[in-house]
Each structure stands twice: as structure tokens, then as C-alpha cells.
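Here is how the chains run, residue by residue.
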Amino acid sequence: MRSSWYNKLVFIVGPRPRVHWLLVCLVSALVLIALLGSSSSNSFDSVTASARPDIYSNYRRLKEQAVSDYLELKNLGANRVKDFDLCGREKENYVPCYNVSANLLAGFKDGEEFDRHCEVSRDQQYCLVRPPKDYKIPLTWPSGRDVIWSGNVKLSKDQFLSSGSMTKRLMLLEENQISFHSDDELIDGVKDYSHQIAEMIGLGSDSEFREAGVRNVLDIGCGFGSFGAHLLSLKLMAICMAAYESTGSQVQLALERGLPAIIGNFISRQLPVPSLSYDMVHCTQCGIFWDDKDGMFLIEVDRVLKPGGKRRLSSGRKQQILDVMFPGHFPLCDGEDSLPYYKPLARCVSGTTSKRWIPIQNRSSGSLSSAELIIHGINPEDFSEDLDFWRSALRNYWSLLSPLIFSDHPKRPGDEDPMPPYNMVRNVMDMSAHYGGLNTALLEAKKSVWVMNVVPLGERNTLPVILDQGFAGVLHNWCEPFPTYPRTYDMLHAKGLLSHIASGRCSIIDLLLEMDRILRPEGWIIISDKLGPVEIARTLATQLRWEARVIDLQNGSDERLLVCQKPFVRK
């Protein structure tokens, strides 16, 4: 009897059923719950109250109710939906769209085989990427910035010993930990190096970077992130960007330290950010030959650099630091910038006709002014209202999650919350960031966390205003995997993304599997969306083994919160 019930309810969630089958399903649900006895009388009353005639007038609402009824029956002991299996051990560090062998077979060469090719080398995995055998939950900040578990990253001792001299000076390998020297212990180390760069651009010290208009930095080939860690201490957002590496990854190590990083290069394609994105571009011994391809790499650096921005590039052939002056013989691009989502490298200089062509020295020192918002086509009142919303939302989020985040037993918090550690959540990915309001609210609340702000392809391109606030951000098509390693984010947040995915004919299960891949064990997910997509996601969350609960916002709207925690699955 239970088996037939399961089949009927799953059928309702799929293609449109006939009306008499729907009636049979709902009537059978009431009979089954009644048979469970008086202990479930409250559930019976709940289902009976929900079975009102008006639900038959709209198939969408009927489907939502069927999903909800199915979940309630499942919790009461009906047949369990099969969980997704774990992927094999060979997939522990799996990054989709980066398969050198497949790219070579497809004809990519001259370095392009190392580029991102989702159209060729995406191997869809309907399984859960498992953590390595010796994986441990990262240490809390600030100690986690300087010490990581060696079992969490794919790096052998031989690879460490073959590293460059500067890397050796910054990193020690001990038993099951990798320790990074603090800057104070270094002679001619990161602090001195940063000070030298400040002097090269006419500043007294690196503490004056923000006064000179520098808010965000693109650090190409960042090593293991120590320069970026120092810049973060100066309240500058430094994004590490390096090519995909199957072992010894710079990006994986930086993210494991809790530092901002993303896989990327510009061998043949533009970076997924608009023109005029960064105040400084930094590269030291990053292996790029800047005079290759007739200077097209320099053109891409110039595209993402803001007017008055600083370039500090070290050639792969010359070890001295160069203040590269952009060649004047490249033509200007015609018209406004098109959306730069992994498009081929351009042979022209772009951005000069943009309204955002404002020298960094002339910008507001604090938050964006009304005049700057208008340049972005944003009504200042709308921007302010959006920020007020996120201030309130963050307070609500934190009140829900604090017992989970700050408890030694996340799933069984005590009556009184324990004192929080310095910070268990080091980073958050806002998967549909809009204006970056969540990022601003976190900063104002003095949460020690950085945010990767993602603007979905197909939504309004608000990434320029996010980057102009000095935040980290990229464009991304959520029908594709995100360019990062597994287990690299502590929290994922998505408002309205499920509805966006559904409207674009993409798969919600593909999205949730990708979220599971990039979220670390015992990490958290907050999804805010309409009731229908949220209930579908809750069904799938059980198959992903997430602890999940739906929260009614009690504001009369169709919006719900889905709050989940990913378990630590060891085998």
C-alpha cells in the first residue's frame, strides 16, 4: 500500500496528471493518515484544512500541495526517497569544465586546453563529491588563515619542496598541517614588498592605498595568498585568480585559508567581469609572457583596470617588477562593452566611452554617492531601500543560524547559546547578489566574513556597482558549474535563484548538486524563494542528505526560507 502511494505522489510532481488521479491521491492521503492513529490527529487536521476546493482551480498550487503532502507523509514513515550516492575517491577534488584530455581531443591547443570549456569537458555527476579521507573542518579565524589541515588540499610534500623560494619562505609543512609564517617573522617579506609597491606609486606606505582610491585588487597567480592576506588586513579586497591545477592549486590553498580566490585565466577568453572593474592589477612571477599574442594579454589587463588604476606586473622572462605603461598603438573598440562572459580576447581597447570612466582618485572615499549611483542607472532611493531590507534580513538570518554556527553540537543547540568563536563563517557566496546589499550589511554588522557576489547571467547586470563598492564579484551562468574547487565556501545564499533557474529551463537538481560540491561539510545554505520552488528544493535536499527546514516569513507573501546544513559524510 505504501509503495503505491509513493508512486502516485511522485507522478503528481512530474507531468500533468489527469484530474481524477489527483482526487484519488488526495483522498488516499487522508485515509492513510487516519490509519496512523490518534497520535497523528494534528497532521490529519492540517491536511484536511489544506484540502480546500480552491486548490483545484490552479494546477501550480495543486502541484505545490502535492509536494508538501508527500513530504509530510515521508516524515511520517512512508517509503524513503533514495539518497544520492557518493562519487568515487577520484572525484574528491573534481572541478567540472576543466578536463585537459577532453579539451585536447576536441582540438584545443597552445594553452587553450587548460582553459574552461563546459561545452566540451563537462562531465555531469549525479553523485555527491565526498571529502578526502583525512579531511577536517577548517580552523576558525584568525588561526585558520595561518594554519590549514594538509588533508584538506591536494598538495604533496614533493610539490611543496619544488616550490619557488618565496613560497618556501612563506609556508612550512608539518605533520598534518600546513603553517604559513606571519608577516612579522619575514625579512624582506610581504609587508616590505607591499611597502615597496606603495612607494612606486608615490605613496608613503601601503596604509595609504585606500586614500589613493585603491579598494580592490586582482592578484594574478597569487601563490598561496599571503600578499592578498596582507591586503585584507589593510581593508582592501584582493581577489586571487589563477589557472586550474589538478594538484598544488594556488586557488584551492588560498580558499582553504579563507581568502578570496577564483579559478580563471585569459589564455584565450575575457574574464567574467565588466570593463573598469579593478583599482589595481598585480602579478609577480605569475608565468605570463605579457608580450605574447601581440600584447593581447595586456589589452585584457587594461580592460578590467579602472582609469588611474595601477598595474604591477612581473614578466615571465624578466624577474624585475614592471610598471607597465599601456601601448598606444591599439585601436579603440567601437561602441559600448558587450557582456564579457568568457568571450574571445579583444584586439582593441574598451571602456573609454563608458559613463563609469572616472579616475579612481575622484571617487567617493566611503559608500557610493547619489551621483555615482545614477551613473550606474540606479535610483538612490531604490538602493537605500534595498540596503535597509538586507540589514533587517541579516538580523533575522543570524538569529536563526547563531545557535547552529556557535554551538559545539550544531544540530542540538542548548537552551543558551554558547559564546561564539572569533568566526566560524569565513566566507559567503551570494549566488544572486543584486546590488551587493548582503555584503554591505555584513560589513556594517562587523561580521568578519568576505562575500563572493555572483550576478546570474540573464538578470540585470549589476556587477559594476558591486565592484565599484570594492567588493568581490563575477558574472556566472548557473546552468553551468562555478569555477572553484570542492568544499571552498562556508555558507551559500540564494534569493530568487530557483525561480530564475526554472525560467531559464535549467535544472534545479543540477544547481543543488553544484551547491553541495562547493559547500564545505557542516556548511549552511539559505534559500529565499516562492513556495513552489522551495518545496521542490526541500524534497531534493533530503536526497542530498542535508538537514533542511522551511520557514514561513509570516508576512502574507508566497515567499519562504529554506535553511539547510550539509552533514559531514565520511563514508
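Along each chain, numbering runs from 1 in the same order as the chain's sequence is written. Under the rules for a predicted model, residues below a pLDDT of 70 receive no local features and side-chain atom pairs below 80 are neither given nor counted, while totals for whole chains, interfaces and linings still include all residues. To obtain the side-chain values, all non-hydrogen atoms of the structure were included, while hydrogens and water were left out.

**Looking at helix 16 (residues 437-444)**
For helix 16, the buried fraction is high: six of the eight residues fall into the buried class. Only protein chains enter the accessibility calculation, which uses a 1.4 Å probe; a residue whose area is less than 20% of its type maximum is buried, one above 50% is exposed, and one in between is partly exposed. Helix and strand definitions here come from DSSP, where helices need a minimum of 4 consecutive H or I residues and strands a minimum of 2 consecutive E residues; each element is numbered from the N-terminal end. Considered for burial, the residues of helix 16 that qualify are Gly437, Leu438, Asn439, Thr440, Ala441 and Leu442. Following helix 16 by one or two positions, Lys446 adopts a phi angle in the positive range, close to 60°.

**Quick look at the state of the cysteines**
Counting rule for disulfides: a pair of cysteine sulfur atoms within 2.5 Å. In total, this model carries five disulfides according to the counting rule given. Disulfide pairing places Cys97 opposite Cys118 at an S-S distance of 2.0 Å. Judged by the torsion about the S-S bond (105°), the Cys97/Cys118 disulfide is right-handed. Pair noted here: Cys97 is in the loop between helix 4 (59-75) and helix 5 (100-105) and Cys118 is in helix 6 (residues 118-121), with a separation of 21 residues, a long-range link. On the basis of relative accessible area, Cys97 is assigned to the buried category, the value being 0%.

**Things to note about the pattern of salt bridges**
By salt bridge we mean one thing: a side-chain nitrogen of Lys or Arg within 4 Å of a carboxyl oxygen of Asp or Glu. Tallied over the full model, the rule gives 19 salt bridges. Glu92 is the partner of Arg89 in a salt bridge, and the nearest nitrogen-oxygen pair spans 2.9 Å. Residue Glu92 is classed as buried on the basis of its relative accessible area of 13%. Between Arg303 and Glu300 there is a salt bridge; the shortest N-O distance is 2.9 Å. Pair noted here: Arg303 and Glu300 are both in helix 13 (residues 296-304), with a separation of three residues, about one helical turn. Arg303 sits in the buried class, given a relative accessible area of 3%. Given the relative accessible area of 3%, Glu300 is considered buried. Put simply, Asp279, Lys306, Arg356 and Asp468 are held in one network by salt bridges that share partners.

**Observations concerning the side chain of Ser150**
Looking at where Ser150 falls in the secondary structure, it is placed in the loop between strand 1 (147-149) and helix 8 (157-161). Owing to a relative accessible area of 17%, Ser150 belongs among the buried residues under this scheme. Only heavy atoms enter the contact rule, under which two residues are in contact if any of them lie within 4.5 Å. Dropping the residues within four chain positions of it, Ser150 is found in contact with Glu175, Asn176, Gln177 and Ile178.

**Considering the confidence of the model for the chain**
On average, residues of the chain carry a pLDDT of 78, and 74% of them reach 70 or more. No element of the chain has a lower mean pLDDT than helix 1 (residues 2-13), which averages 27, and none a higher one than strand 11 (residues 450-456), which averages 97. Confidence of the prediction at every residue is given by pLDDT, a number between 0 and 100. Across residues 1-24, confidence stays below pLDDT 50; counting only partners more than four residues off in sequence or on other chains, it has 34 contacts. Segment residues 29-66 is flagged for pLDDT under 50; beyond a separation of four residues in sequence, or across chains, it makes 39 contacts in the model.

**As for helix 19 (residues 508-518)**
Buried residues dominate helix 19, accounting for eleven of its eleven residues. Where helix 19 is concerned, the buried positions are Ile508, Ile509, Asp510, Leu511, Leu512, Leu513, Glu514, Met515, Asp516, Arg517 and Ile518. Nitrogen and oxygen atoms within 3.5 Å of one another constitute a polar contact, given that in protein one can donate a hydrogen and the other can accept it, and given that sequence-neighbouring residues count only through two side-chain atoms. Near the N-terminus of helix 19, the side chain that reaches the backbone nitrogen of Ile509, with its oxygen 3.3 Å away, is that of Ser507.

**Side note on the nonpolar core**
Counting residues in hydrophobic clusters, the biggest one holds 92 residues, and the most contacted among them are Ile220, Phe266 and Trp290. With seven residues, helix 19 is the largest single contributor of residues to this core. Ignoring anything within four residues of it in the chain, the contact list for Ile220 reads Met241, Phe266, Val281, His282, Cys283, Cys286, Ile288 and Trp290. The term nonpolar core refers to a set of buried residues drawn from Ala, Val, Leu, Ile, Met, Phe, Trp, Tyr and Cys, joined through side-chain atoms within 4.5 Å.

**Side note on the side chain of Arg269**
By the element assignment, Arg269 lies in the loop between strand 6 (261-263) and strand 7 (278-283). A polar atom in the side chain of Arg269 sits 3.1 Å from the side chain of His117. Looking at Arg269, its side chain comes within polar contact range of the side chain of Glu119, at 3.4 Å. With near-sequence residues (within four places) excluded, Arg269 lies in contact with Asp115, Arg116, His117, Glu119, Tyr342, Lys343, Pro344 and Leu345.

**A short note on the sheet that holds strand 10 (residues 427-430)**
What the seven strands build is an open sheet, ordered 12-11-10-13-14-16-15; its pairing is mixed. Edge strands, defined here as strands with exactly one partner in the open sheet, are strand 12 (472-476) and strand 15 (547-552). Going from strand to strand, the sheet's axes swing by 15° on average, the running direction of each strand aside. At least two DSSP bridges between two strands are needed for those strands to be called paired. Across seven bridges, the pairing between strand 14 (residues 519-530) and strand 16 (residues 559-565) is antiparallel. Residue Ile525 lies in a different strand from strand 16, and its bridge partner there is Cys564. Whenever a helix is involved, its axis is fitted only over the stretch in contact; in every case the axis is a line through C-alpha atoms, and angles between N-to-C directions fall within 0 to 180 degrees.

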